[in-house]
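# Overview (structure and organization)
If you want the building blocks of each chain, they are given just below.
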Amino acid sequence: MSDTATLPVVNLQPKDYGSNQEIRWCPGCGDYSILAQIKKAFSNLGKDPDNVVFVSGIGCSSRLPYYMNTFGIHSIHGRAPALATGLRLARPDLEIWVITGDGDGLSIGGNHLLHSIRRNLNIKILMFNNRIYGLTKGQVSPTSERNKKTVSTPFGSVGASINPCSFAIGAEATFVARTVDMYPAHLQYTLERAAKHRGMAFVEIYQNCNIFNNEAFNHATDRETRDDNIVELEHGKALIFGKNKDKGVRLRRDYRPEVVKLGDDGASIYDLLIHDEKATSPALAFLLSRLRYPDYPEPIGVFRDIEQAVYNELIEEQIQRLTKEKGEPDLQKLLNGPETWEVQAN
Amino acid sequence: MTRLDTQIEQAAAAKNLEDLKSAIVRFAGDSGDGMQVVGTQFTNATALVGNDLATLPDFPAEIRAPAGSLAGVSGFQINFASTEIFTPGDTVQTLVAMNPAALKVNLGDLERGGHLIVNSDAFTPQTIKQAGYDKDPLEGDELAGYHLHKVPMTRLTLDCVKDVGLKHKDAERCKNIFALGLTYWLYERPLAPTLRWLQEKFGKDEKLRQANELALRAGFNYGNTTELFQVHYRILPARQEPGVYRKIRGNDAAAYGLIAAAWQAGKRLFYTGYPITPASDILHELVKHKNFQVKVFQAEDEIAAMCAAIGAAYGGAMAATGTSGPGMALKSEALGLAVMLELPVVIINVQRAGPSTGLPTKTEQADLLQAVGGRHGECPLPILAAQSPSDCFWTAFEAFKIAVRYMTPVIMLSDGYLANGSEPWRVPRVEDLPKIPVAHPTDPEGFRPYSRNPDLARPWALPGTRGLAHRVGGLEKEDLTGRVSYDPVNHERMCRFRAAKIAKVAESIPDQAIYGDDHGDLVLVSWGGTFGSVRTAVERAREAGRSVSHIHLRHLNPMPRNLGTLLRGFRKILVPELNMGQLLMLLRATYLVDAVGIDKMQGRPFTVAELVLKIQQTLEGDH
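Treat the numbers as computed from the prediction; the structure is a model and nothing was measured. (Residues numbered from 1 in each chain as written. Chains lettered and ligands numbered in written order. Predicted model: local features only at pLDDT ≥ 70, side-chain atom pairs only at ≥ 80, totals over all residues.)

### Concerning the overall build of chain B
Tallying secondary structure elements over chain B gives 21 helices and 22 strands in all. Relative to the globule expectation of 25 Å for 623 residues, the C-alpha radius of gyration of chain B, 27 Å, shows essentially globular dimensions. Seen through its principal axes, chain B has C-alpha atoms that stretch 85 × 65 × 50 Å. Relative to its 623 residues, chain B shows a buried fraction of 55%. Long-range pairs, those at least 24 residues apart, make up 76% of the contacts in chain B between residues at least 6 apart in sequence. (Helix = DSSP H or I, 4+ residues; strand = E, 2+ residues; numbered from the N terminus. Rg over C-alpha atoms; globule rule 2.2 N^0.38 Å. Buried ≥ 20, exposed ≤ 12 C-beta atoms within 10 Å, placed from the backbone. Contact = placed C-beta atoms within 7 Å.)

Structure, rendered in structure tokens:
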């Protein structure tokens, strides 16, 4: 019993998904690329814009809903997952995408992110990670690297930084992926994978803030060096990387990963870690999420993609079951309660 | 005639039976003694007798405070009558004290000459000392002014259940039911409702059911056969309007009000909350009724609950959330968003004594100004307050009605006293409930997300509707189009629209009623859970020939259009509140009247006596 029926699949061009609102991101911002790939992915998947809701918090990335010709809520700082949860529970028929950033999702909204992930609601969460507070002009963010000098940490930040994918895997998200604003094809592919996942999908997107934190992900985007700094995860395949595809990651007997050059000291492809995004245990996915530049190549792609009971579906099932058990609702019976007495007119 | 009725008749014949118009009984014991249980059972039996009644459960914040300690005393008071009553009463005629601590804490409220029934087995040197007595209070002169009944309840209970074969500890726990049986005899209550309840509660544990039944009957028979009581009492049914009645608690009534509103709107209810005393029972009640297609969501925190309600409302659900003061504080940022988005959400604040954790299980009404102004920016919204436990139903219902008509969040104020208190309620017939009209636009032609109807409400356009895709958000929106707008003139226009819309609510609420004459020496103006005490005090003053009237406000924002005129009809205005003068401040600021407040912040309702005294003093201040 939903308020409107599911609308049919449509055939629209990427540009048809854009709204007529003027886009106000800084020129050169990584958000433009992400917006473009979202539109492409939606076009590929035949998404009906009237059946999609983008929900965002506060921050540069959270302006995105205004630029999509779908339904949208630009809410308050950190709370998008909570709004999306209410909307999802009320409306099983809609497609719901949450747009958040590293400050929005992991600082002020960390609690909502945690709980929306562990519940496994059918919601897609895109976290634009630029490792800085952009909209408020350059303060340190929870994903900023230690010792970072910003307007709020002029002598270097002293707090450890949080790794969004480790966070999501730690909360046992059923779908976790990482991609980069400058990799259009990979970004689009990853979004489509997330869209097809049944349940919660969490995607971290490396996004360049060219004003306050330019080239924060240079290791991942620089054409000259990126192949040596990034490893692309593929289900069932060994972790091989490098410009010449001659390096790999293997697990030592003490469970510490190490980078090896294929052929050196007899290291072969058969020694390497094999990626398994379907593993029930989040352990491998977590281990992979801990590989950070410069000690290791940073994985991009799908860390985890498993099927598990979906919260909102379980709620619906419970309602159906209890309706069967308790019978059709009778408001008069409810109001009367277990015991009544009658006062007669004199 | 049933066997029980026969038993009651025989009992009546055996002893002197005295007719009373009303009586007030309080059960008091350790928080683990089951006092709330016996209070509730006494209330159920009394409701079925047809008495009018009002209750005051009063329990500590700790689930199990140290046994025998003063802090751990839990009480349940019930006032029941053959006439209409509005309060649980000031002083009690019968006090049941299950241990020395309960005696110490409650004796001050027992009338001189009242019945004091104590479990004498619980008065040991250790517990006596723990309660702060130097010597056994049952032995000295201290209790000479009362009808003291020393009943060895523990021993009598153990004796009567010994054949059931319970463990000693379980057997002893039946003593509260023994005490209940004794009071049933004393006030001529039927045993049947409690026996039915025992069957339901312990149906799977025959031993416990049997033991409790034996204890109940033993208590009843003890009163009947021993020489302790020379007299017992009968309170005839109250004359009530014809209809079907039930007993109802405030939080349950609020839950049903929400369900009924969704039902009358033909929509699904979405309720979300985070555990908080004394509001959690609304959550607990609603979750039982999933067959009403109610979706209940226990959120990760108060903020999430408020936000989830907004998300659900955007999706087209009848969305509500309930909390208490500290939770309201957390919700306030998102309340600002709800005002900005102009979406219907009902927020119930079951007030408790604050600030901060304060007295979490005790009542207060100090969140009015928070409701009025506790948000950032110009952020008006309608505020309603319930006046009695059953009125929580109508207030919740009306809150939704206003919310969907004007597309606005609405705050409903309840309080701990209403939430846990109970009273008889004439159950409305569903066919008599008003419909709640709701419309969602479907035509893309000319659709403007921030256009306004004559009520100044914007359309409730649902996601999933062909051609109506639009964006809402916390940023200021351009009038009509809903596009983000930084235009200063537009911002002021939108602020004024939002305020004018809430002011317009006054056009659809009834004129303020007044009890008594519409002009005179003195009017008392109250709101919320103080209704009963204030009305009773005003009744008494009027019976004594005083020129006193009573205005009780349900609508606190906007206030009824005729309120200013009414206030100007009186020489003096008294505003009793369980706070330091919050409505008082609003009335003085809004109507420029020289109103005076009566404050109380003791976690308990006003007594009628203290209000009567204040009325006298105010009137005599003329000389």
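After that view, the rundown keeps rolling.
### Some remarks on the overall build of chain A
Per the secondary structure count, chain A includes 11 helices and 12 strands. Dimensions of chain A, computed from C-alpha atoms along their principal axes, come out at roughly 100 × 50 × 45 Å. Buried positions account for 46% of the 346 residues belonging to chain A.

### Considering the domain arrangement of chain B
By a frequent convention, interface size equals the accessible area lost on bringing the separate parts together. Residues and elements named next belong to chain B. Taken domain by domain, chain B comprises domain 1 (3-235), domain 2 (246-432), domain 3 (441-508) and domain 4 (520-620). Inter-centroid distance (C-alpha atoms) of domain 1 to domain 2 is 35 Å. Taken together, the contact between domain 1 and domain 2 spans 13 residues of the former and nine residues of the latter. The set of elements that each furnish at least two residues to the side of domain 1 that touches domain 2 consists of helix H2 (35-49) and strand E3 (52-58). When residues of the side of domain 1 that touches domain 2 are assigned to their parent elements, the largest contribution, six residues, is made by E3. Taken together, the residues that form the side of domain 1 that touches domain 2 break down as nine nonpolar, three polar and one charged. (Domains from an automatic or database assignment. Nonpolar A, V, L, I, M, F, W, Y, C, P; charged D, E, K, R; others polar.)

### Focus: the sheet that holds strand E6 (residues 110-119) of chain B
All names here are of chain B. The strand order across the open sheet formed by six strands is E3-E4-E2-E5-E6-E7, and the pairing between neighbours is mixed. In this open sheet, the two strands that pair with only one neighbour each are E3 and strand E7 (147-151). Recorded for the sheet is a direction-independent mean angle of 15° between the axes of neighbouring strands. Across four bridges, the pairing between strand E2 (residues 22-30) and strand E5 (residues 92-97) is parallel. Looking across to E5, one finds that Phe 27 is bridged to Val 96. (Pairing = 2+ DSSP bridges. Axes fitted to C-alpha atoms, helices over the stretch in contact; angles between N-to-C directions.)

### A short note on the sheet that holds strand E13 (residues 345-351) of chain B
Strand pairing within a sheet occurs via backbone hydrogen bonds; the two strands may be parallel or antiparallel. Residues and elements named next belong to chain B. Pairing in this open sheet of seven strands is mixed, and the strands run E11-E10-E12-E13-E15-E14-E20 from one edge to the other. For this open sheet the edge positions go to strand E11 (295-298) and strand E20 (555-557), each flanked by a neighbour on one side alone. Looking at each pair of strands side by side, their axes are set apart by 20° on average, direction ignored.

### Focus: the domain arrangement of chain A
All names here are of chain A. Partitioning chain A into domains gives domain 1 (14-226 + 277-321) and domain 2 (238-274). The straight-line distance from the C-alpha centre of domain 1 to that of domain 2 is 30 Å. Contacts between the two partners involve four residues from domain 1 and, on the opposite side, four residues from domain 2. Classifying every residue of the side of domain 1 that touches domain 2 by side-chain character gives four nonpolar, no polar and no charged.

### Here's the deal with the interface of chain A and chain B
Residue-level contacts link 55 residues of chain A with 61 residues of chain B. No other element matches helix H2 (residues 80-90) of chain A, which puts eight residues into the side of chain A that touches chain B.

### Some thoughts on the nonpolar core
The biggest cluster of nonpolar side chains holds 195 residues, and the ones touching the most others in it are Leu258(B), Ala309(B), Ile310(B), Val345(B), Val346(B), Ala396(B) and Phe400(B). Counting residues in each nonpolar core, the second largest holds 62 residues, with Ala28(B), Val96(B), Leu103(B) and Ala215(B) among its members. (Core = buried A, V, L, I, M, F, W, Y, C linked by C-beta atoms within 7 Å.)

### Section: unusual backbone geometry
Here the bond from Tyr293(A) into Pro294(A) is cis, since omega is 5°, no more than 30 degrees from zero. Along the chain, the position of Pro294(A) falls in the loop between helix H9 (283-289) and strand E11 (298-305). Pro355(B) follows Gly354(B) through a cis peptide bond whose omega is 5°. Tracing the backbone through its elements, the reader meets Pro355(B) in the loop between E13 and helix H14 (368-373). In this model, Arg131(A) sits at a positive phi of 60°, which is unusual for a non-glycine residue. Turning to its location among the elements, Arg131(A) is positioned in the loop between strand E4 (124-129) and helix H5 (164-170). Positive phi values are uncommon outside glycine, yet Glu342(B) reaches one of about 55°.

### Concerning the packing of helix H18 (residues 531-543) of chain B against helix H21 (residues 608-620) of chain B
Residue and element names in this part refer to chain B. Across the interface, H18 lies against H21 with an axial gap of 9 Å and an inter-helix angle of 50°. Accordingly, the angle class assigned to the pair H18 and H21 is oblique. Crossing angle aside, the handedness with which H18 passes H21 is right-handed. Facing H18, whose interface residues are Ser 533, Val 534, Thr 536, Ala 537, Arg 540 and Ala 541, H21 presents Val 608, Leu 611, Val 612 and Ile 615. (Parallel < 35°, antiparallel > 145°, perpendicular 65-115°, else oblique. Left-handed = near helix turned anticlockwise from the far one by under 90°.)

### Topic: helix H12 (residues 302-314) of chain B
All names here are of chain B. Here H12 contains 13 residues, and its C-alpha end-to-end distance of 19 Å stays within 8% of the 18 Å for a straight helix at 1.5 Å per residue. Of all 13 residues that make up H12, 13 are buried, and the element is covered over most of its length. Backbone geometry just after H12 places Gly 316 at a positive phi near 105°. (Expected span 1.5 Å × (residues − 1).)

### Points about the confidence of the model for chain A
With 97% of its residues at a pLDDT of at least 70, chain A reaches an overall mean of 95. Taken as a whole, residues 1-5 of chain A scores under 50 in pLDDT and shows 11 contacts with residues more than four places along the chain or in a different chain. (pLDDT = per-residue confidence, 0-100.)

### Remarks on the environment of Asn69(A)
Considering the arrangement of structural elements, one finds Asn69(A) in the loop between strand E1 (52-56) and strand E2 (71-74). Each C-alpha atom, one on Asn69(A) and one on Asp50(A), is 8.2 Å from the other, the two residues being 19 residues apart in sequence. Leave out the neighbours within four places in its chain, and Asn69(A) touches Asp16(A), Tyr17(A), Gly18(A), Ser19(A), Pro49(A) and Ala469(B).

### A short note on the pairing of E6(B)
Residues and elements named next belong to chain B. Here E5 runs beside E6; their pairing, made up of five bridges, is parallel. Residue pairing in the sheet places Val 96 in a bridge with Ile 117 of E6. Where the polypeptide runs from E5 across helix H3 (residues 100-106) and back to E6, its parallel neighbour, the crossover connection is right-handed. Strand direction decides the pairing type here: E6 and E7, joined by five bridges, are parallel. Across the sheet, residue Val 118 finds its bridge partner in E7, namely Lys 150. Note on the crossover from E6 through helix H4 (residues 125-130) to E7: the handedness is right-handed. (Right-handed = clockwise from strand over helix to strand, strands pointing away.)

### Observations concerning the pairing of strand E10 (residues 269-273) of chain B
All names here are of chain B. In terms of burial, E10 is a largely internal element, five of the five residues being buried. Residues Leu 269, Tyr 271 and Gly 273 of E10 are buried on one face, and the alternating residues Phe 270 and Thr 272, pointing to the opposite face, are buried as well. One ladder, built from five bridges, connects E10 with strand E12 (residues 318-323); its direction is parallel. Within E12, the position partnered with Phe 270 by the bridge is Ala 319. Across four bridges, E10 lies against E11 in parallel orientation. Bridge assignment links Phe 270 to a residue of E11, and that residue is Lys 295. Remark: the E10/helix H11 (residues 280-286)/E11 crossover connection has right-handed handedness.

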